[in-house]
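Okay, here's what each chain looks like letter by letter:
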Amino acid sequence: MLMCRGTSAARWTAASGILACALPWLAYSPGVQADSLMSQLLAWKVISSLAICVLALVLIGGWMLRRRLATTAAKLEAAERLRTSEEHLSLALESSGDEIWEVDLPNSSFRRIVPHLGIALPNHDGPIPTSQVLEVIHPADRETFISAFSGLVKGQSQRMKARYRVALKAGGWLWALSYGKVTERDAQGRAVWMSGVSRDISELMEQEEALQRVNIDLEHRVEGRTRDLRLANEHLRRTLDDLRQAQKQLVESEKMAALGALVAGVAHEINTPLGIGVTASSHLQGETRRLLGLLASGEMKRSDLDSYLAAASESSELILRNLRRADHLVKSFKQVAVDQSTEDRRRIDLANYLDEILTSLQPRLRKTRHRVEIDCAEGIQLETYPGAIYQVVTNLVMNSLAHGFEHQEAGLIRIGVRAQDGDIVVDYRDDGCGMDDEVRRRIFEPFFTTKRGQGGSGLGMHILFNLVTRLLAGSVRCESTPGQGVHFVIRFPLEPVVAPVPV
Ligand SMILES: Nc1ncnc2c1ncn2[C@@H]1O[C@H](COP(=O)(O)OP(=O)(O)OP(=O)(O)O)[C@@H](O)[C@H]1O
Ligand SMILES: [Mg+2]
């Protein structure tokens, strides 16, 4: 163990110790001086002792040599490894193109340890005054650069990172990114040494600038598009306003046209009975004057009185009939312009109410062989305008009798009523003669009738249309083909219409 750790001198001392131990054993040989055999034996003993000593020395020497060789080999290997890693490091530095620097703060000097960047500073690792370093920094970036360093020096930050432009030897500027840290501080904690790495990020900055330009361009484009869109929207809004205005005007003018047509129709319809009435009354007036003249002159005969009475009776009958006709027309016109505020609104049970309507129609139906079947779901309660429903059903039934069953003995009318999706749906069918396309298309027009001069005013379906669409806020559809009867589908909301559209 002693030999393992000692120096070479110590090792020799150890070997002599072994010899010293062997010699006393040689000296202790009983009967050496006896005879020659004994002396031979003694000689052999000496020789063998010496041989043992020599062998021991050889073994120790060999072992020490081996140790020395092993140490040398390890040292060589370590040196080789160091050299390789240094090579790797310098290769890495070279390929990275980064520059390594140090700052000696007390002496305000800068050292370029690995001066890779072609910046306008001496290209050696000797001290360069920091003032000279500051001069090569772009004036616009100097403040950023100084504040990054001073933060580190004052201990406000552990590491610094600065992006700045630095002048190149070849002219122009290079964008550099520096990372640095304090590597040594004095006892008071003041920074003494700093070291760091600087990297050329010009390409990155160019890309960033290009990206920024693209972004700005994009923003401008988006702004432009947004502006265009806003203008287009504004334009659209104005167009829409114009359209609404035009639509309003159209509706107004349509209303006016409809009103004009209605007035013309009213005038035309009333004209006939009134004209007949006027003619009859002027005839009566003339006859009366003539009779009075005869009476005054004393020339009146019995036959004159008889003829006057006959004319008076005929005229008054004509006048009355035509006045009644005019009265009927005026009532119909009033119905056209039905004002829902005067309409009674109340809660009804629809099935019961339809039965009541049917009962009220019996006097008309009883005289015929036509039948009306009503199929209404029980329990439909609704708050509505019963008068309107009455008028709708009556108009439909009267039309079936007057038009559909004109040439038919026994017609069938089926009225189905159901509540569906919050609506009341009335399905009205008759199996009468039906109507052609022209009649079907014009059926809701005011004064459209195929029975002009035969009691038809052409207002029944128009009144129905107004009641359903305006008062009941619903819709009506008519389907029919000649010979196939008619089919009306009327739909209106079950819920009461709070503010009905004025008609
Ligand atoms: N059930 C029906 N079958 C066949 N034609 C019909 C039927 N209902 C209506 N029409 C046609 O529609 C026209 C218009 O009907 P509308 O009720 O408006 O007028 P009208 O019955 O002729 O006159 P009124 O004003 O007296 O009701 C009718 O003249 C008739 O030609
Ligand atoms: Mg009618």
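Residues numbered from 1 in each chain as written. Chains lettered and ligands numbered in written order. Predicted model: local features only at pLDDT ≥ 70, side-chain atom pairs only at ≥ 80, totals over all residues.

1. Some details on the overall build of the protein
Rule in force here: Segments assigned H or I by DSSP are reported as helices when at least four residues long, segments assigned E as strands when at least two residues long, and all are numbered from the N terminus. Counts of 20 or more other C-beta atoms within 10 Å of a residue's own C-beta define buried residues, counts of 12 or fewer define exposed ones, and intermediate counts define partly exposed ones; C-beta atoms are placed from the backbone.
A count of helical and extended segments in the protein gives 11 helices and 13 strands. Relative to its full complement of 503 residues, the protein shows a buried share of 18%.

2. Thoughts on the sheet that holds strand 4 (residues 159-167)
By definition, the strands of a sheet pair up through backbone hydrogen bonds, in either a parallel or an antiparallel sense. Test applied: For two strands to be treated as a pair, DSSP must find no fewer than two bridges joining them. Fitted lines through C-alpha atoms give the axes, limited to the stretch in contact for helices. The angle between two N-to-C directions lies from 0 to 180 degrees. C-beta atoms are placed from the backbone for every residue, and two residues are taken to be in contact when these atoms lie within 7 Å.
Across the sheet, which stays open at both edges, the 6 strands sit in the order 3-2-1-6-5-4 with antiparallel pairing between neighbours. What marks the edges here is a single partner per strand, and that holds for strand 3 (127-129) and strand 4. Strand-to-strand twist in this sheet, taken as the mean axis angle between neighbours without regard to direction, amounts to 30 degrees. Across 5 bridges, the pairing between strand 1 (residues 99-104) and strand 2 (residues 109-114) is antiparallel. Bridge assignment links Glu-102 to a residue of strand 2, and that residue is Arg-111. Packing against the sheet, helix 5 (residues 142-153) makes contact with strand 4, strand 5 (173-185) and strand 6 (191-200), and its axis sits at approximately 155 degrees to strand 4.

3. Overview of the site of ligand 1
Spelled out, the test is: In this entry, near means the residue's backbone-placed C-beta atom lies within 6 Å of the molecule or strand. Asp, Glu, Lys and Arg are counted as charged, while Ala, Val, Leu, Ile, Met, Phe, Trp, Tyr, Cys and Pro are counted as nonpolar; the rest, among them Gly, fall into the polar class.
If you check the shell around ligand 1, you find 23 residues, and the closest are Asn-399, Thr-449, Gly-456, Gly-460 and Met-461. Looking at the shell around ligand 1, the elements that each hand over two or more residues are helix 9 (386-404) and helix 11 (460-471). With 5 residues, helix 9 is the single largest residue contributor to the shell around ligand 1. When the residues that make up the shell around ligand 1 are grouped by side-chain class, the tally is 9 nonpolar, 12 polar and 2 charged.

4. Quick look at the nonpolar core
What counts is decided by this rule: Take the buried Ala, Val, Leu, Ile, Met, Phe, Trp, Tyr and Cys residues, join any whose C-beta atoms are within 7 Å, and the set you get is a nonpolar core.
Among the nonpolar cores identified, the biggest contains 36 residues, and Val-392, Leu-464, Leu-467 and Val-468 are the most heavily contacted of them. Those elements that provide at least two residues to this core are helix 8 (350-366), strand 8 (371-376), helix 9, strand 10 (412-420), strand 11 (423-430), helix 11 and strand 13 (486-493). The next biggest cluster of nonpolar side chains, apart from the first, holds 20 residues, and it includes Trp-101, Met-160, Leu-174 and Met-194.

5. Focus on helix 3 (residues 36-96)
Note the cut-off: Residue count minus one, scaled by 1.5 Å, sets the expected span of a helix.
Given a rise of 1.5 Å per residue, 61 residues ought to cover 90 Å, and the 89 Å separating the end C-alpha atoms of helix 3 matches this to within 8%. A small share of helix 3 lies buried, amounting to 0 of its 61 residues. Once helix 3 ends, the next one or two residues include Gly-97, with phi positive near 75 degrees.

6. Some words on the environment of Ile-201
Its location among the elements puts Ile-201 in the loop between strand 6 and helix 6 (202-297). Spatially, the C-alpha atom of Ile-201 lies 8.7 Å from that of Arg-163, the residues being 38 residues apart in sequence. Excluding anything up to four places from it in sequence, Ile-201 contacts Trp-175, Ala-176 and Leu-177.

7. Observations regarding the environment of Ala-162
Tracing the backbone through its elements, the reader meets Ala-162 in strand 4. Distance from Ala-162 to Asp-141, taken between C-alpha atoms, is 9.4 Å for residues 21 residues apart in sequence. Ala-162 has contacts with Thr-144, Phe-145, Ala-148 and Ser-178, leaving out every residue within four places of it along the chain.

8. Side note on the packing of helix 9 against helix 11
Using the following cut-off: Under this scheme an angle from 65 to 115 degrees is roughly perpendicular, one under 35 degrees roughly parallel, and one over 145 degrees roughly antiparallel; angles in between are oblique. Each helix crossing is assigned a hand: it is left-handed if the near helix lies turned anticlockwise from the far helix by less than a right angle, otherwise right-handed if that turn is clockwise.
In contact at an axis separation of 9 Å, helix 9 and helix 11 are set at 150 degrees when each is read in the N-to-C sense. As judged from the angle between their axes, helix 9 and helix 11 are roughly antiparallel. By crossing handedness, the relation of helix 9 to helix 11 is classed as left-handed. Residues Ala-388, Gln-391, Val-392, Asn-395, Met-398 and Asn-399 of helix 9 lie in contact with helix 11, whose contacting residues are Gly-460, Met-461, Ile-463, Leu-464, Leu-467, Val-468 and Leu-471. Here the contact of helix 9 with helix 11 is composed, by residue class, of 9 nonpolar, 4 polar and no charged.

9. So, helix 11
Because the α-helix completes a turn every 3.6 residues, residues three or four places apart line up on one side. For helix 11, which comprises 12 residues, the first-to-last C-alpha distance of 16 Å matches the rise-based estimate of 16 Å (1.5 Å per residue) to within 8%. Along helix 11, 10 of the 12 residues are buried, which leaves the element largely enclosed by surrounding structure. Within the span of helix 11, buried status applies to Gly-460, Met-461, His-462, Ile-463, Leu-464, Phe-465, Asn-466, Leu-467, Val-468 and Leu-471. One or two residues past the end of helix 11 sits Ala-473, with phi positive at roughly 55 degrees.

10. Here's the deal with the sheet that holds strand 8
On the basis of which strands lie adjacent, the open sheet formed by 5 strands has the order 8-10-11-13-12 and mixed pairing. Each end of this open sheet is capped by a strand with a single partner; those strands are strand 8 and strand 12 (475-480). On average, each strand axis in the sheet is tilted by 10 degrees relative to the strand beside it, whichever way the strands run. Where strand 11 and strand 13 come together, 8 bridges link them in antiparallel fashion. Across the sheet, the residue bridging to Ile-424 is Phe-492, located in strand 13. Strands in contact with helix 8 are strand 8 and strand 10; relative to strand 8, the strand with the most contacts, it is inclined by about 175 degrees. Helix 11 contacts strand 12 and strand 13 of the sheet and is inclined by roughly 135 degrees relative to strand 12.

11. Observations concerning the packing of helix 8 against helix 9
When two helices pack together, their arrangement is given by the angle between the helix axes and by the axis-to-axis distance. The N-to-C vectors of helix 8 and helix 9 enclose an angle of 40 degrees; their axes lie 10 Å apart at closest approach. Overall, the two elements helix 8 and helix 9 adopt an arrangement that is oblique. Handedness of the helix 8/helix 9 crossing: right-handed. On the side of helix 8, the interface is formed by Tyr-353, Ile-357, Leu-361 and Arg-364, while helix 9 contributes Pro-386, Ile-389, Tyr-390, Val-393, Thr-394, Val-397 and Leu-401. Its residues assigned to classes, the contact of helix 8 with helix 9 comprises 9 nonpolar, 1 polar and 1 charged.

12. Focus: unusual backbone geometry
Although it is not a glycine, Asp-421 sits at a positive phi angle of roughly 50 degrees. Positionally, Asp-421 belongs in the loop between strand 10 and strand 11.

13. A few points about the environment of Glu-269
Considering the arrangement of structural elements, one finds Glu-269 in helix 6. Residue classification places Glu-269 among the buried positions, given that 21 C-beta atoms sit within 10 Å. Distance from Glu-269 to Ala-326, taken between C-alpha atoms, is 8.2 Å for residues 57 residues apart in sequence. Once you skip the residues sitting within four places of it in the chain, Glu-269 turns out to touch Leu-329 and Ser-457.

14. Describing the pairing of strand 10
Taken together, the 6 bridges between strand 8 and strand 10 define a ladder with parallel strand orientation. Of the residues in strand 10, the one forming a bridge with Cys-376 is Val-417. In this sheet, strand 11 lies alongside strand 10 in antiparallel orientation, the contact comprising 8 bridges. Within strand 11, the position partnered with Val-417 by the bridge is Val-426. Here strand 10 hands over to strand 11 after 2 residues, with Asp-421 in that stretch at a positive phi of 50 degrees.

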